[in-house]
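A look at the structure
Listed below, chain by chain, are the residues.
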Amino acid sequence: MNTIVTLLLRRLGISLVTLLLVSAVVFLITNLLPGDPAQEMLGQAATPEVVEALREKLGLNQPAHIRYLNWLGSLLSGSPGVSLANNMPVAELVADRLPRSLMLAGTTTVVAVPFALFVGIVAAMYHGRRADSIISTAVMFVVAVPEFLVATVAVLIFAVELGWLSAVSYAPQDPTLGQFLATYALPVLTLSLVLVGQMARMTRAALIEQLQQPYIEMAVLKGASPARVVLRHALPNAVGPIANAVALSLSYLMGGVVIIEVIFNYPGIASLMVDSVTNRDFPLLQACAMLFCTGYLILVLMADTAAILSNPKLRK
Amino acid sequence: MSRDTAEFSRRQMLRGLAGLGLTASAGSSLLLPGYLHAEQTPEEIPQPRYGGRIRVATMSSSTADTMDPAAGSLSTDYVRHYMVYNGLTQYDEALRGQLSLAESMETDDQKTWHVTLRQGIQFHDGKPLQPEDVVYSLMRHHDPATGSRVKPIADQFESVTVTGPRKVRINLTSPNADLPEILADSHFLIVQDGTSDFRNAAGTGPYKIAEFRPGVRTIGKRNENYWKPGKPYLDEIELVGIPDKTARVNALLSGDVQLVNAIDPRSTRRVEQAKGFSVMETPSSLYTSLVIRQDVPPTNSRDLTLAIKYLLDRPTIKRALFRGYATIANDHPVHPSHPFYAADLPQREHDPDRASYHLRKGGLEGLRLPAYASPAATGSVDMATLLQLSAIPAGLNLGVNRVPSDGYWSNHWGKHPLSFGNINPRPTLDMLFSLFFKSDADWNSSRWNNPKFDQLLAAARSEGDQARRKQMYVDMQELVSNECGIGIPVFMSLIDGYDSRLRGLSPIPIGGMMGYSFAEHVWMAA
Amino acid sequence: MNKLYTRLGIAGSVGLSLAGLWLLISLFGPVLAPHGPGEIVDYEVFLPMSAEHPLGTDYLGRSVISRIMDGARFTVGIAFAAALLAALMGTGLGLFSAVSGKAVDESISRLMDALLSIPNKIFALVMIAAFGSSVPLLLLITGITYTPGVYRIARALAVNINQMDYIQVARARGEGRAYLALSEVLPNMIHPMLTDFGLRFVYVVLLLSSLSFLGLGVQPPNADLGSLVRENMSGLWEGAPAIMAPAAAIASLTIGVNLFIDSLRGRD
């Protein structure tokens, strides 16, 4: 158990370094971008005089490293700054969207992870038999279609033709169960389809890898049932790679869902970040990047912890 | 009703409307603001129904959404601003500026204008409308830090001064007969004196802001004290942005939204066939142009410019790109429906032979030239592809360089020898020509320099006689069409889709959704 | 041929044929296509299948079959190269990390974390905004995007294998790190990494189409298969082949590659 605590503490320290690294990388990349918030705000209407005045007003005439240090300073004092595009506090913009992103991610996780594990384990149990090939082929089909097509077809069927669900996902403040389902069903369905394939395949692959190990042969020789072999013997040893695959898939739920957010008009963090790139809104972009990074680090930490806990050799 | 008579009686008309239609005999119903129009012909327009809430989706919305009229840049902004604010004037179906907050606008020389405000108008917070509000709203555009998108236009307001309890005098730098049209533009809507944080700004408009979250949604609630009798009709309007065109149509047809703009011409049949939904086409002077820089080689060759213009296959562009929802243009920005349209100017046809003649003459055969196109300029990518195909037989090797919307206007529009632009409808020819064709205009993207054109433009602006004014504009169109480095193949129609229960919509060709000002006009039938 | 069939099984053979078909199309498609990819062949848009236009016409009245035959090479080429790039870099780094000391392992892992935590579409958005869209850049972006993913899986596998008794034995024998990595660890990782390669290929194809949804993919007049789906979205309602055919093309390409790779890992 001690290892876990040390690991957590060490990871915390390293995470801060990683975050700093990401913020520097993001800042560097944004500085490569042509144009600046003043130009983007004015669009076609950008005349040199107005652009210059706006730059002055937004503090863009300071050298890049000063702006970075300013931002870092204000972050350390607890404020992620003010959006350059609309002059609103970044914290407020993020606070508006974050709960929605977490809600979507959370709901999708609850639906997709158990289903994917189930599918992957079943496929591994019937490895090499008909059930396995049916499952594997089905999973492949699902993964093989672009998500924007899946989402649009789903909208066409369930919202436009049948009228059961809503085509734009904007839940009221305190949704009833019915409203909740109507709002979340389609985005969750689409996202789950994307993720289940990924996770189920990795689960199956990791399990099958274990099934080819000598200790499994021993178990089989001892007369353990196939289900028992998979669940009791192979699964614990496959937790590492499976947890990794799940963590990776879930990190997708934060930033990768931009297309789903666009199609369902779902106001989440990913589209906020896309806007911040388009508007060259540096403080907002940084805040989003920090958020994604933090979320990702937490997921990875969880995956690594699971791997260590499940592998006696690593636990030492 | 021709434009000429309207202009002739402008001064009378603008005053007369204060007396609620007493001078209506001097004009036609076209001259009246929408609400007077409705009152006069009750048998044609069914009685509006009160109450209800609608959700409206436009094509654009981002965290840069704003409540500041001066900074408005996208369709959601314009809709939001017309919901919350009023202008001194407002557009009618023919894009003429009709009185709104102004009770009268008088001028003798088109240079000094005397504006009287209506009595008893209140902002949403209860404060009365004062002349100081008008001064602030118009003069703040001069400060570059405002970030106004219409600063070049506002620069002609030499001074705006309070001259009485309800009176304002606007001095222009030079005479401009189009001031009422200019002031109806959404950027010149009237805000409260001294407003700097617009997030909770109060306007005088038909809806009060109940919620405004940039990039998410705007909710407007009925302004019970609205100064136009009987208006508005709906209790609430929710405004969202759905950028994906397929998703926008799906949201309409699934009943999630009741009004959408910018429908793909390929989807109109689908909307019309669905039960309970309709399409409204607004022929407009919106155009996507080919910008042929006149100050850099190789496009500064007159032969190359003409050759490219002859290579534009207008009927195919109209048909293949816009499924007929377009009007063929003649390489100048004036829509054929405009009273000043140069009808006698021969239409430029798709003529590969003449194009290759010009290429040979200029010694430019086999030239390779990239054209910059982007989804930011509607239809430009496909237009470029068509142009590329028709250029091959003429001996011109055009490349299509498609770049993302992101940063297009700053980095590509007019920054290469050949690029595409996209110009929204403007209420007056003077505005169009001054902003985009005058030699020293910032947005004269082809860097065309023609002193004769500049002279004509200045003269036409202050010309009071409509026949002479028209002749000047006709001459300008001819100059632009034959000499300027701008190719304009077609004007695009704006297509809105709506739930058929939504009533009161009619085209105002400055933009879709009744020139973005539908909010005070529409109601939901049972 | 028969021998190959027995080796691969039905699924594997189907997969190989599909993958082979797409390889041929991407090599010779542009030459064999009945029309140029940009040529407008009919005034009617979204035409159904006919003898004249085997897969109908697209939203501008262009020949869909010609556009698919022309576009396949972008999808196949970029996806293959990017998946390969990601697999080589990811596996290499993962292996190196697993057999190296703690410090090296930590540094590489943190760097990969930093990369991975930036959402791939937004990474692409920023890169393309900064450098403009081009095929080499798309390749690089998608390759880099998937490197950390491969790395994490490769490293997890390698670390696990590294704990196996036979490795401990080899280490006790005094074998060098490079030998351990290449001769003992790597061979035992090949199968999962191959599966992973197949999946990555699919992901790159899908990421490319996502990018084209956002207007960042292969730029017109060229179009990869994803762009073809995207640009014909308004034909979905009519069930036009202009949208069904490229979608089916993506599906058959990705499934073919996966079936083939799956059958390889089951045998040999």
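Residues numbered from 1 in each chain as written. Chains lettered and ligands numbered in written order. Predicted model: local features only at pLDDT ≥ 70, side-chain atom pairs only at ≥ 80, totals over all residues. Heavy atoms only, no water.

**Comments concerning the overall build of chain B**
Check the secondary structure of chain B and you find 18 helices and 20 strands. Relative to the globule expectation of 24 Å for 526 residues, the C-alpha radius of gyration of chain B, 23 Å, shows essentially globular dimensions. Dimensions of chain B, computed from C-alpha atoms along their principal axes, come out at roughly 70 × 55 × 45 Å. The buried share among the 526 residues of chain B stands at 64%. (Helix = DSSP H or I, 4+ residues; strand = E, 2+ residues; numbered from the N terminus. Rg over C-alpha atoms; globule rule 2.2 N^0.38 Å. Buried < 20%, exposed > 50% of the residue type's maximum accessible area, 1.4 Å probe, protein only.)

**Description of the interface of chain A and chain C**
Contact residues are listed per partner, giving 54 residues for chain A and 54 residues for chain C. Summed over both partners, the interface of chain A with chain C buries about 5000 Å², with 71% contributed by carbon and sulfur atoms. Sorting the residues of chain A by area buried against chain C places Met140, Phe148 and Arg201 of chain A first, and these three jointly supply 12% of that buried surface. The interface formed by chain A and chain C holds two salt bridges in total. Note that Glu147 of chain A and Lys121 of chain C form a salt bridge whose closest N and O atoms lie 3.2 Å from each other. The interface formed by chain A and chain C holds four residue pairs in polar contact (both at pLDDT 80 or more) in total. (Contact = heavy atoms within 4.5 Å. Buried area = accessible area lost by both parts, 1.4 Å probe. Salt bridge = Lys/Arg side-chain N within 4 Å of Asp/Glu carboxyl O. Polar contact = N/O pair within 3.5 Å; in protein donor to acceptor, adjacent residues only side chain to side chain.)

**Digging into the domain arrangement of chain B**
Residue and element names in this part refer to chain B. Domain parsing of chain B yields domain 1 (47-85 + 205-268 + 500-526), domain 2 (86-196) and domain 3 (284-492). Roughly 1000 Å² of surface becomes buried between domain 2 and domain 3 when both sides are summed, with 63% attributable to carbon and sulfur atoms. Per-residue buried area on domain 2 facing domain 3 is highest for Ile153, Pro175 and Asp178; these three make up 34% of the total on that side. For Asp178, the salt bridge identified is with Arg469, shortest N-O distance 3.2 Å. For the pair domain 2 and domain 3, the interface holds three residue pairs in polar contact (both at pLDDT 80 or more). Looking at the side of domain 2 that touches domain 3, the elements with two or more residues in it are helix H6 (151-154) and helix H7 (179-183). Residue composition of the side of domain 2 that touches domain 3, by class: seven nonpolar, three polar and three charged. (Domains from an automatic or database assignment. Nonpolar A, V, L, I, M, F, W, Y, C, P; charged D, E, K, R; others polar.)

**Structural notes on the sheet that holds strand E6 (residues 157-164) of chain B**
All names here are of chain B. The four strands are arranged E4-E5-E7-E6 in an open sheet whose pairing can be described as antiparallel. The sheet is open, and its two borders are formed by strand E4 (102-107) and E6, each paired with just one other strand. Across the sheet, the mean angle separating the axes of adjacent strands is 20° when strand polarity is ignored. For strand E5 (residues 112-117) and strand E7 (residues 167-172), the ladder comprises five bridges, and the chain directions are antiparallel. (Pairing = 2+ DSSP bridges. Axes fitted to C-alpha atoms, helices over the stretch in contact; angles between N-to-C directions.)

**Some thoughts on helix H7 (residues 147-161) of chain A**
All names here are of chain A. Taking 1.5 Å per residue as the helical rise, H7 with its 15 residues ought to reach 21 Å, and the 20 Å between its terminal C-alpha atoms agrees with that figure. A bend of about 25° at Val155 is the largest found in H7. Looking at the residues trailing H7, positive phi occurs at Gly163, about 70°. (Expected span 1.5 Å × (residues − 1). Bend = angle between axes of the 7 residues up to and from the residue.)

**Focus: the environment of Ile121 of chain B**
Residues and elements named next belong to chain B. Within the fold, Ile121 resides in the loop between E5 and helix H5 (131-139). Through-space distance from the C-alpha of Ile121 to that of Thr204 is 7.3 Å; in sequence the pair is 83 residues apart. Ignoring sequence-local partners within four residues, the contact set of Ile121 consists of Leu101, Lys127, Pro128, Leu129, Thr204 and Trp227.

**Details of the state of the cysteines**
Residue and element names in this part refer to chain A. Under the counting rule described, the total for this entry stands at zero disulfides over all chains. You can see Cys288 has no disulfide; the closest cysteine sulfur is in Cys293, sitting 13 Å from it. Assessed through its relative accessible area of 0%, Cys288 is described here as buried. (Disulfide = S-S within 2.5 Å.)

**Some words on helix H3 (residues 48-58) of chain A**
All names here are of chain A. All of the buried residues in H3 are Val50, Val51, Ala53 and Leu54. Buried residues of H3, viewed axially, fall in a sector of 165°; they line one side. Facing away from the buried side of H3 by more than 90 degrees, the exposed set consists of Pro48 and Glu56. (Arc of directions from axis to C-beta.)

**Looking at the packing of helix H15 (residues 429-436) of chain B against helix H16 (residues 451-462) of chain B**
All names here are of chain B. Their axes nearest at 11 Å, the elements H15 and H16 cross at an angle of 150°. Looking at the two axes, H15 sits roughly antiparallel to H16. Considering how the two elements wind past one another, H15 and H16 form a crossing that is left-handed. For the pair H15 and H16, contact is made by Asp430, Phe433 and Ser434 and by Phe453, Leu457 and Arg461, respectively. Of the residues that constitute the contact of H15 with H16, the class distribution is three nonpolar, one polar and two charged. (Parallel < 35°, antiparallel > 145°, perpendicular 65-115°, else oblique. Left-handed = near helix turned anticlockwise from the far one by under 90°.)

**A short note on the interface of chain C and chain B**
Facing 23 residues of chain C, the contacting portion of chain B comprises 24 residues. For the pair chain C and chain B, the two sides together bury roughly 2100 Å², of which 58% comes from carbon and sulfur. At the junction of chain C and chain B, the tally comes to two salt bridges. In this structure, Asp244 of chain B engages Arg230 of chain C in a salt bridge whose closest nitrogen and oxygen atoms are separated by 2.9 Å. The interface formed by chain C and chain B includes four residue pairs in polar contact (both at pLDDT 80 or more). Residues of the side of chain C that touches chain B, tallied by class, amount to 14 nonpolar, four polar and five charged.

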